[in-house]
Amino acid sequence: MAKKKKSAPAPVVPELKIPQAAPYASLNPLKNFWLQVVTIAVAGFGLYGNSIQNKTALDDEPVITLNDFVSHGFGGLDSIFKYDSYYCFYRSLGVKDQLPGGRYRPLSIATFAIEWEFFGDNAFVRHLVNVLLYVFSVILLLYFLRKYLLVNVRGGSDIAFLAAFLFLIHPIHTEVVANTKSRDEIISFLFITLTLLLALRYADTGRWKAGAWAAAGYFLALLSKEWAITLVVLVPVMFYLFRQRTWMESLKLSLPFFGVAAVFLFIRAGIVTGLDKEETELLNNPYVLASGSEKVGSKLYVLWKYLSLLLVPYPLSSDYSYNTLPYRTIADPMALFSLLLHLGAATGAIVLLVRRNILAFPILFYIGHLALVSNFRFNVGATMGERLIYHSSFGFLFLISILCVMGAERIKHSGMKRVFMPVLILLLLVPSALIILPRNKQWYNDPALFIHDVNVVPNSAWMNGNAGRCHIVLADSAKDPSEKQKYLDLAKPYLRKAVSIHPGFVNAWFYLGSVHHRQNNIDSAEYCWNQARIYFPNHPGFKTQYDVLLSSHYVKLAEKKVKENDLPGAIPPLEKALKYKPDDAEMWYNLGGIHYTLKDPQKAYEAWTKCLQVKPDHKLAREAVGHLQVQKPNP
């Protein structure tokens, strides 16, 4: 006789500390799971559908459109997994690395390469996929919360829907959805959710195949973004709180995840660059100029700034880099308030964890991910960023959802209780839509984004620099000369402000020089570009663009002098042209010709010899040198 398969034991899960006298009556009119899925899908596309028409913006170029690995499609997949995520960008600048600690997020970049293979450089496809992934990740979150995490928790269905819906509509997520580069955040959270779901399935069944699938999901989460490292803590905590396992059992069940994390960190250490780099560039390390007290105080204030944006997500900005938020000392009242608030939250989480209260989980989810982007342990390359709080926002909204359902359970009036959830959702959905829909349009492209956001963060060096750059872009596309001049005039104050805030802002000096060059203020352009040279002397832009423009200008001046029969007057501009383009053999030959005509064979010999050093097969220079040698010059 065939043996009967043993059915998996039903999971033992705790209930919220809510009075149990009466059966729980759902607060949500949409009780059916599939109706909730449709609601999330419709709301998601309604809120983010207008972002699908957007173009590239912010970091899309270095990560996607200017990434050689991505543009090779399937042919670039192997390299995407072998190198730092910014390898191609660093190579284009002629540097090895810029961001300390390195960046290894190959999975999202691989999706861009696959899209490129089938659709080429297609921003519409990238934005569409981002919206689809975002909506799908929220549906998966709903499924995880309702069917697994909160399956037997009192009010679990209501908590699950409210948490998922609030996560869907929170305006702080516009950057993650509307900026295609931030797909790494979306798929990271998606695979974290999937890992937690599969981990619970593994804990409930005890089957090794379930554990293997969970471990595989975790590896994909880590390949999406390093933030998934928090699961080495959150997974055993989840087993302890939601499956009533002992700590020893929870840790034993978590061994596969510990192993995956170790393997990933080993692989990452062998691939990324800049692990030991101490960043001194303000735009990559905003605390370079801060004192010890200012570093601590400013970082504490940023923690409060994150929380305030979760509470009131307006106005939003794509940048919070150096000098957006002035330095604050540890004695600053808001820094101290933030310290007390977060220490209280951490202490509360520990107390709740000891008591096996599930409120500990969302608090730890929030604090754990916040710690990774706080700059206290790791320099994330920015003061803060709305995309960086994406994962933590779930912990915050999950906690709010639990508290809302607990509070609504205590409402005595039956009519008020029935309308609580619909009214709450409506009150939050309307203002969220009023923020999200126009914000999506502001993410249309760089000019739309930066020219808007510079008014939100007027003291950001980086934002002023890019607002100036975007006015140059608009000037170059303008057909009317007066309109072109208008945009160039608008660019200058932004760029001057950028370099006044951060004198070492190389790109801002480049852009400011470009404005002067377009307005034929060559002396000013030369000054700006040489300021950039002080801070980044080996920047490839000099050889490919800026020095070429200066050299061309001085060659034209020399040619004008020659036409005016002012040969002595042609020498200084020609020598200046050679300063910026010393490898131009023809210029050296012409300079020698002018000196020879002016009866200075010594200098003629020197110039023609330099010409031959640059181009040994230059026939005319070789003949000229030979002619002078016959005359026995004294070189």
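Residues numbered from 1 in each chain as written. Predicted model: local features only at pLDDT ≥ 70, side-chain atom pairs only at ≥ 80, totals over all residues. Heavy atoms only, no water.

Peer 1: Would you take a moment to explain the overall build of the protein chain for this structure?
Peer 2: Along the backbone of the protein chain there are 29 helices and zero strands. With the principal axes as the frame, the protein chain shows a C-alpha extent of 115 × 60 × 50 Å. Expressed as a percentage of contacts within the protein chain between residues at least 6 apart in sequence, the contacts between residues at least 24 apart total 72%. Total accessible area on the protein chain stands at roughly 28700 Å², and carbon and sulfur atoms take up 62% of it. Here the protein chain holds 65 positive side-chain charges and 47 negative ones, and the gap between their average locations is 11 Å. (Helix = DSSP H or I, 4+ residues; strand = E, 2+ residues; numbered from the N terminus. Contact = heavy atoms within 4.5 Å. Areas by Shrake-Rupley, 256 points an atom, 1.4 Å probe, with all protein chains shown as cover. Lys, Arg positive; Asp, Glu negative; His and termini not counted. Charge placed at Lys NZ, Arg CZ, Asp CG, Glu CD.)

Peer 1: How should I be thinking about the side chain of Thr180 in this particular structure?
Peer 2: Along the chain, Thr180 turns up in the loop between α9 (174-178) and α10 (183-205). Apart from the residues lying within four places of it in its own chain, the contact partners of Thr180 are Asp60, Ile64, Phe112, Arg126, His127 and Asn130.

Peer 1: Quick question: what am I supposed to make of the nonpolar core here?
Peer 2: Generally speaking, nonpolar side chains in soluble globular proteins are found buried as a group. Among the nonpolar cores identified, the biggest contains 123 residues, and Phe144, Leu145, Leu149, Met238, Phe361 and Phe398 are the most heavily contacted of them. Take this core: its biggest share by element is 13 residues, from α10. If we skip the residues at most four places from it in the chain, Phe361 touches Leu149, Leu196, Leu234, Val237, Met238, Leu241, Phe242 and Phe398. Among the nonpolar cores identified, the runner-up in size contains 55 residues, and Ile472, Leu488, Ala577 and Ile594 belong to it. (Core = buried A, V, L, I, M, F, W, Y, C linked by side-chain atoms within 4.5 Å. Buried < 20%, exposed > 50% of the residue type's maximum accessible area, 1.4 Å probe, protein only.)

Peer 1: Sorry if this is basic, but what is going on with unusual backbone geometry here?
Peer 2: Trans is the common state for peptide bonds, and a negative phi is the common state for residues other than glycine. In this structure, Pro315 follows Tyr314 across a cis peptide bond, with omega equal to -5 degrees. Among the secondary structure elements, Pro315 is positioned in the loop between α15 (292-311) and α16 (333-354). Located in the positive-phi region is Gln244, a residue other than glycine, with phi close to 55 degrees. One can find Gln244 in the loop between α12 (231-242) and α13 (247-253). Judged by its relative accessible area of 33%, Gln244 is partly exposed. Positioned with a positive phi, Asn520 is a non-glycine residue whose angle comes to about 60 degrees. Taking relative accessible area as the criterion, Asn520 reaches 63% and is therefore assigned exposed.

Peer 1: Looking at this structure, I do not really get the confidence of the model for the protein chain. What am I missing?
Peer 2: Parts of the prediction with low pLDDT should not have their coordinates interpreted in detail. Looking at the protein chain, the pLDDT average stands at 90 and 93% of residues meet or exceed 70. The secondary-structure element of the protein chain with the lowest mean pLDDT is helix α5 (residues 87-93), recorded at 75, while helix α7 (residues 123-149) shows the highest, at 97. Across residues 1-5, where pLDDT falls below 50, the model places zero contacts with residues more than four positions away in sequence or in other chains. Note on residues 12-21: pLDDT is under 50 here. Beyond four places in sequence and across chains, it has 33 contacts. (pLDDT = per-residue confidence, 0-100.)

Peer 1: So what exactly am I meant to see when it comes to the pattern of salt bridges here?
Peer 2: Any two side chains of opposite charge can pair if their charged atoms end up close together. Here the structure, examined in full by the defined rule, presents 21 salt bridges. With a closest N to O distance of 3.9 Å, Lys561 and Asp566 form a salt bridge. Of the residues examined, Lys561 reaches a relative accessible area of 30% and is grouped as partly exposed. Looking at Asp566, the relative accessible area reads 28%, which means it is partly exposed. (Salt bridge = Lys/Arg side-chain N within 4 Å of Asp/Glu carboxyl O.)

Peer 1: So what exactly am I meant to see when it comes to the packing of α10 against helix α11 (residues 208-224) here?
Peer 2: How two helices pack is summed up by the angle between their axes together with the distance between the axes. Taken N-terminus to C-terminus, the directions of α10 and α11 make an angle of 165 degrees; their axes are 8 Å apart at the nearest point. By the angle between their directions, the pair α10 and α11 is classed as roughly antiparallel. Note that α10 runs across α11; the crossing there is left-handed. On α11, the residues touching Asp184, Ile187, Ser188, Phe191, Ile192, Thr195, Leu198, Ala199, Arg201, Tyr202 and Thr205 of α10 are Ala210, Gly211, Trp213, Ala214, Gly217, Tyr218, Leu220, Ala221 and Ser224. Residue composition of the contact of α10 with α11, grouped by class: twelve nonpolar, six polar and two charged. (Axes fitted to C-alpha atoms, helices over the stretch in contact; angles between N-to-C directions. Parallel < 35°, antiparallel > 145°, perpendicular 65-115°, else oblique. Left-handed = near helix turned anticlockwise from the far one by under 90°. Nonpolar A, V, L, I, M, F, W, Y, C, P; charged D, E, K, R; others polar.)

Peer 1: Would you mind going over the packing of aromatic side chains with me for this structure?
Peer 2: The way to describe two aromatic rings as a pair is by their centre distance and the angle between their planes. If you walk through the whole model with that rule in mind, you get 34 aromatic pairs. Aromatic ring contacts, followed pair by pair, group Phe167, Phe189, Phe242, Phe361, Phe365, Tyr390, Phe394 and Phe398 into a single cluster. For the cation-ring pair, Lys147 lies above Phe33, with the distance from its terminal atom to the ring centre recorded as 5.2 Å. Sitting above the plane of the Tyr487 ring, Lys486 keeps its charged end 4.8 Å from the centroid. (Phe/Tyr/Trp six-rings, centres within 6.5 Å; stacked < 30°, edge-to-face > 60°. Lys NZ or Arg CZ within 6 Å of the ring centre and 35° of its normal.)

Peer 1: In this structure, what is going on with the packing of α12 against helix α14 (residues 255-269)? I would like to understand it.
Peer 2: Remark: α12 packs on α14, axes separated minimally by 9 Å, with the N-to-C direction vectors making an angle of 175 degrees. Between α12 and α14, the angle is such that the two are roughly antiparallel. Within the contact between the two elements, α12 uses Val232, Val235, Pro236 and Phe239 and α14 uses Phe257, Phe258 and Ala261. By residue class, the composition of the contact of α12 with α14 is seven nonpolar, no polar and no charged.

Peer 1: I keep staring at the environment of Ser432 and nothing clicks. Help me out?
Peer 2: Relative to the elements of secondary structure, Ser432 occurs in helix α19 (residues 414-442). Taking the C-alpha atoms as reference points, Ser432 and Tyr535, separated by 103 residues in sequence, lie 43 Å from one another. Setting aside its immediate chain neighbours within four residues, Ser432 contacts Ile169 and Pro171. A distance of 2.8 Å separates a polar side-chain atom of Ser432 from the backbone oxygen of Leu428. (Polar contact = N/O pair within 3.5 Å; in protein donor to acceptor, adjacent residues only side chain to side chain.)

Peer 1: Can you walk me through helix α8 (residues 156-169) in this structure?
Peer 2: The periodicity of an α-helix, 3.6 residues per turn, causes residues three or four positions apart to be oriented the same way. The terminal C-alpha atoms of α8 lie 20 Å apart, and with 14 residues this matches the ideal 20 Å at 1.5 Å per residue to within 8%. Here α8 lies mainly inside the structure; 13 of its 14 residues are buried. (Expected span 1.5 Å × (residues − 1).)

Peer 1: In this structure, what is going on with α16? I would like to understand it.
Peer 2: The terminal C-alpha atoms of α16 lie 32 Å apart, and with 22 residues this matches the ideal 32 Å at 1.5 Å per residue to within 8%. Among the residues making up α16, those that are buried are Ala335, Ser338, His342, Ala349, Leu352 and Leu353. In an axial view of α16, the angular spread of the buried residues amounts to 135 degrees, which keeps them on one side of the axis. For α16, the exposed residues set more than 90 degrees away from the buried face come down to Pro333, Leu340 and Val354. A side-chain oxygen of the first residue of α16 lies 2.9 Å from the backbone nitrogen of Met334; this N-cap is Asp332. Where α16 ends, the next residue or the one after it, Arg356, has phi of about 55 degrees, a positive value. (Arc of directions from axis to C-beta.)

Peer 1: Looking at this model, I keep getting lost on the environment of Ala160. Mind explaining?
Peer 2: With respect to the helices, strands and loops of the structure, Ala160 is situated in helix α8. Along the sequence, Ala160 and Leu142 sit 18 residues apart, while their C-alpha atoms lie 5.7 Å from each other. Leave out the neighbours within four places in its chain, and Ala160 touches Leu142, Leu145, Arg146 and Leu150.

Peer 1: I keep staring at the environment of Leu166 and nothing clicks. Help me out?
Peer 2: Tracing the backbone shows Leu166 in helix α8. Using a relative accessible area of 7% as the deciding quantity, one classes Leu166 as buried. Along the chain, Leu166 and Leu429 lie 263 residues apart, while their C-alpha atoms are 8.5 Å from each other. When near neighbours in sequence (up to four residues on either side) are disregarded, Leu166 contacts Leu397, Ser401 and Leu428.

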